[in-house]
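Each chain, written out:
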Amino acid sequence: MSGHGAIVSLRGLRKSYGVGTPVEVEVLHGIDFDLAEGEFCALIGPSGSGKSTLLNLIGLLERPTSGELSIAGEATRGLGEQALTRLRGRHIGFVFQFHHLLPAFTALENVMMPSIIERGVATAEAEATARELLARVGLKGHENKKANQISGGQQQRVAIARALSLAPRLILADEPTGNLDTQTADDIFALLREFNRERGSACLIVTHDPRLAARCDRQIELVDGRVARDGR
Amino acid sequence: MSRPRLPFEFLVALRFLREGRMQTALILLGVTGGVAVIVFLSQLISQLQASIIDRVLGSQAHVVMRPLEEANLRAMPEAGSIALVEPRAQRLRSIDQWEAMVKLAEVQPRVVAVSPVVSGPAFALRGRASKSVALLGVDPDRYRRIVKMDTYMTRGTFQVEGSNAIIGVELAKDLGVTVGDKMYLRAAGGRDELLQITGLFDIGNKDLNRRWVFTTMKLAQSLLDLPGGVSNIDITVADIFDAQDVSDRLQAGSGLTVESWMTTNSQLLAALRNQTVSNNLIRSFVIVIVALGISSVLVVSVVQKQKEIGILRAMGTSSNRVMGIFLLQGGLVGFVGALVGVALAWGLLVFFSTVYRSGDGAPLFQPQLDAGIALSAAGIALVVGVLAALIPARRAAKMDPVQAIRS
Ligand SMILES: Nc1ncnc2c1ncn2[C@@H]1O[C@H](COP(=O)(O)OP(=O)(O)OP(=O)(O)O)[C@@H](O)[C@H]1O
Ligand SMILES: [Mg+2]
C-alpha cells in the first residue's frame, strides 16, 4: 500500500466537527485505504457511520482534521482554496443523492457546466461532448428541457452525464440511486459501470443497497467512523 | 436554443437574476426610480438655474465699471429704476480717461467684449404724454455683444445714427408711437432733442421695455452734458462665473468702482447654491436607499441560492468566482436600471417642460439631457450596484458548499 498509481490515497484520515467547542465530535477515526485508477468500489455502512463525510473529504469539499489525503498523487495538505478547487475541477466528478442540478439551466447546459467553469465559456467541443453524453444516458431529445421539467431518474442521468463531462479520473457518487425505484436504480448503476469500463474512471459509490454493492469490484464498509471491512 | 455564448460568470449571474423574477424586478424598479429621480432633479435644477441666470444676464452686463463718486448711485443699466425714480440734481460724471480703461478691460484674460455706455435719466415726451426713461448712448456694434439686442428687436435693426432712437415696445405703446414716428427726449439737465424712432425691442422685461432708449453715444453725451465722456463701461466675460474674478482684478487695476453680476445678484446666487446643496442631499439619500434595497434583496437571494452555490463549488468554481457572480448581479441591475432610469428621466423632463411655464406662457426650460449628468448617474448606479452587492457576494463566497449539498 504505497499509494503509487492510486487516484485516492488516505492515511490516518480524521475528521471532527465543532472543533474547540463543547460539542466537538470525531466522526472519522483514522481511515486508511487507496483507490486504484479505474477501480469500481462501493462504500457501505449504517446510517451515520461517516460515508458522506468521507466522500466530501475525498471530494475536497471539506478538509480533514488530521491525516494525509492525496488525489492523483498530489498531497492536499496545505493547499489553498484555489488549488483545491482546481484539483477538484480537473479530476473529480460528483453525483449526489438528490441529483443536484441547476434548476435555472437546461439539461444540456447542466452537462456542459463543468466545462464552462473550467474554460470560462461554452465551447463547441463541450457542446458536442455533452450531447453525446446525454444520448448515451438515454436523454436524446431532452437537451433543452429545464432541469426541473424532467423526472427524478432522468435528472440523475443528467447528473451522471455532468459528472462525466470532463472525463474525470474519479467519480464520487453519494447514494446515486437512493431515491429511485429498483429498475431505474439498476439502470443508473449500469450506466456508471459502463462508463467505468469504457473510460477507466475510478468510481467510489456510497450505497445502502447490498445487491448493488455486491456488483462492485470492491466493498469498503464503514462502521462508526472506522473501516470495518475492505474486501473484493 | 443550444450552447450559451456568455462567459461563465455572466451566464450564471443573468440566469440567477432571471430566476428570481420578482426580486430582480423589485431592485430594477428601485434603481430605475432612483436614477430617474437623480437625473431628472439634477437636469431640472441645472436647467432652471441656467434659465434664471440667462434671464438675469439677458439684460445685464457681467461686469460694470463706473466712476468712484457714483458708487452709491446705482446708475444704468442694471438698476436704472433707482437712479430714475429719484433723479439726482448733481451732474453726471464721466469715467476719467475712459478710452484707457476700455483698453485695460479689453486686454484682461477671459474678457470677450467691452462697451462704453453713456447713460442717464431723461423724459420721453409726445403730445401730453411724458415718461421717465433711461437714456443709453451706445456703439451698437460693441453693445450687442453685452446685451443680445439683435435677438430682441421686433421692428428694425439694432443700429443708431444721427438722431435715431430705438425704444422698447411698452414705451412705444405708452407714447402711442411706432417705427417712423418722432418723439422728444428731455434730459434731466433740461436739454432736449427730437428723435426719430427706427426700431422697437422686446427684452422680455416690461420695466426695461418701458425705460430703455438707445441713441448714439454722441447724442447721449450732448443730452446728458457729458461731452466726450462715458458714464460706465460694460463688460462680457467668457464664463459667467469668472465675472467676480475679472471684476476684482479690474477694480485693483483701474481704481474705479467695478461690480460683477455676482455681487449685484448675491441673493440670487445664494439661493441657487442652496438649491444645489439640497439637490445633493436628496441625491445622497436616494443613493443610500437604493443601495440598501439592492443589498438586502441580494442577501436574500444568496440564501435562496445556497444549493446552487454548493453545486457550482462542487463542480470546480472557486469562491472568488462565486463572489464575482453576485457582484455582477449588482452591477447588471445597476447598469440596466441606469439605462431605463435615464430614459424615464427624459420622459419626465419632456412632460414637465410642458407643465412648467413662465408668466408669458413660454416653456421655462427645453427638455434636454446633458451627457455628463446621464453618464455620471449611470456610472454611479453601476458602482453603487457593485458596492451594494459586496456584502451579499462575500457571504456567498464564504458559504460552506457541504452544508448546501447535505441538506
Ligand atoms: N456539520 C456537522 N456537524 C456536526 N456533526 C456532523 C456534521 N456533519 C455530519 N455530522 C455527523 O457525522 C456523522 C456522520 O455523518 P454522515 O453524513 O457522514 O453519515 P452517513 O454515513 O453519510 O449517513 P447516511 O447513511 O445517513 O447518509 C453523523 O453522526 C452526523 O451527525
Ligand atoms: Mg450520507
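Before any of the text, the structure's been laid out above.
In this text, all values refer to a predicted model and were calculated from it rather than measured experimentally.

A. Examining the sheet that holds strand S7 (residues 170-174) of chain A more closely. All names here are of chain A. Across the sheet, which stays open at both edges, the six strands sit in the order S6-S7-S8-S3-S9-S10 with mixed pairing between neighbours. Each edge of the open sheet is held by one strand with a lone partner, namely strand S6 (92-95) and strand S10 (226-231). With direction set aside, neighbouring strand axes in the sheet form an average angle of 20 degrees. Of the strand pairs in this sheet, S7 and strand S8 (residues 202-206) are connected by five bridges, and their pairing is parallel. In the sheet register, Asp-174 faces S8, and the bridge partner there is Val-206. Sitting on the sheet, helix H5 (residues 152-164) is in contact with S6 and S7, with an inclination near 175 degrees to S6.

B. Expanded view of the pattern of salt bridges. Scanning all chains against the criterion turns up 34 salt bridges over all chains. Note that Arg-3 of chain B is salt-bridged to Glu-127 of chain A, the shortest N-O span being 3.1 Å. Of the two residues, Arg-3 of chain B is situated in the segment before helix H1 (8-19) and Glu-127 of chain A in helix H4 (residues 124-136); the pairing between them involves two chains. Just as Arg-3 of chain B is buried, Glu-127 of chain A falls in that class too. In this structure, Asp-225 of chain B engages Arg-191 of chain B in a salt bridge whose closest nitrogen and oxygen atoms are separated by 3.3 Å. Placement of Asp-225 of chain B in the loop between helix H9 (217-223) and strand S9 (232-237) and of Arg-191 of chain B in the loop between strand S6 (182-187) and strand S7 (192-201) is noted, with a sequence separation of 34 residues between them. Residue classification places Asp-225 of chain B among the partly exposed positions, given a relative accessible area of 28%.

C. Summary view of helix H15 (residues 371-388) of chain B. Residues and elements named next belong to chain B. Under the 1.5 Å per step criterion, the end-to-end length of H15 is 25 Å for 18 residues, consistent within 8% with the ideal 26 Å. The complete set of buried residues in H15 reads Ile-373, Ala-374, Ala-377, Ala-378, Ala-381, Val-384, Gly-385 and Ala-388. Buried residues of H15, seen end-on, are gathered within an arc of 130 degrees and therefore sit on one face of the element. Residues of H15 that are exposed and angled more than 90 degrees away from the buried face: Ala-371, Leu-375 and Leu-387. Elements in contact with the buried residues of H15: helix H2 (21-57), helix H12 (266-304), helix H14 (319-355) and helix H16 (390-398).

D. Broad picture of unusual backbone geometry. Non-glycine residue Glu-175 of chain A carries a positive phi angle of around 45 degrees. Structurally, the position occupied by Glu-175 of chain A is in the loop between S7 and helix H6 (182-199). Overall, the relative accessible area of 15% leaves Glu-175 of chain A in the buried class. Of note, the phi angle at Gln-97 of chain B is positive, near 50 degrees, even though the residue is not glycine. Along the chain, the position of Gln-97 of chain B falls in the loop between helix H3 (80-85) and helix H4 (98-106). Gln-97 of chain B gets classed as exposed once you look at its relative accessible area, which sits at 61%.

E. How the structure looks around the sheet that holds strand S1 (residues 6-17) of chain A. Residues and elements named next belong to chain A. The antiparallel open sheet is built from four strands, whose spatial order is S2-S1-S4-S5. Taken across any chain shown, the strands that pair with only one partner, and hence form the sheet edges, are strand S2 (25-36) and strand S5 (74-75). Here S1 pairs with strand S4 (residues 66-71) via five bridges, running antiparallel. Along S4, the bridge assignment pairs Leu-10 with Leu-69. Each of S1, S2 and S4 is contacted by helix H1 (residues 51-58), which is oriented at about 125 degrees to S1, the strand it contacts most.

F. Representation of the site of ligand 1 within the structure. Every one of the 13 residues lining ligand 1 counts as a neighbour, but Ser-47, Lys-51, Ser-52 and Thr-53 of chain A together with Arg-406 of chain B are closest to it. Chains contributing residues to the immediate surroundings of ligand 1 are chains A and B. Residue Ser-52 of chain A places a side-chain N or O atom 2.8 Å away from an oxygen atom belonging to ligand 1. A distance of 2.5 Å separates an oxygen atom of ligand 1 from a polar side-chain atom of Thr-53 of chain A. Protein chains bury 62% of the 640 Å² of accessible surface belonging to ligand 1 in isolation. Of the residues forming the shell around ligand 1, the biggest block, three residues, is contributed by H1 of chain A. Residue classes in the shell around ligand 1 are distributed as three nonpolar, seven polar and three charged.

Thresholds, definitions, all that
Residues numbered from 1 in each chain as written. Chains lettered and ligands numbered in written order. Predicted model: local features only at pLDDT ≥ 70, side-chain atom pairs only at ≥ 80, totals over all residues. Heavy atoms only, no water. Pairing = 2+ DSSP bridges. Helix = DSSP H or I, 4+ residues; strand = E, 2+ residues; numbered from the N terminus. Axes fitted to C-alpha atoms, helices over the stretch in contact; angles between N-to-C directions. Contact = heavy atoms within 4.5 Å. Salt bridge = Lys/Arg side-chain N within 4 Å of Asp/Glu carboxyl O. Buried < 20%, exposed > 50% of the residue type's maximum accessible area, 1.4 Å probe, protein only. Expected span 1.5 Å × (residues − 1). Arc of directions from axis to C-beta. Near = heavy atom within 4 Å. Polar contact = N/O pair within 3.5 Å; in protein donor to acceptor, adjacent residues only side chain to side chain. Areas by Shrake-Rupley, 256 points an atom, 1.4 Å probe, with all protein chains shown as cover. Nonpolar A, V, L, I, M, F, W, Y, C, P; charged D, E, K, R; others polar.

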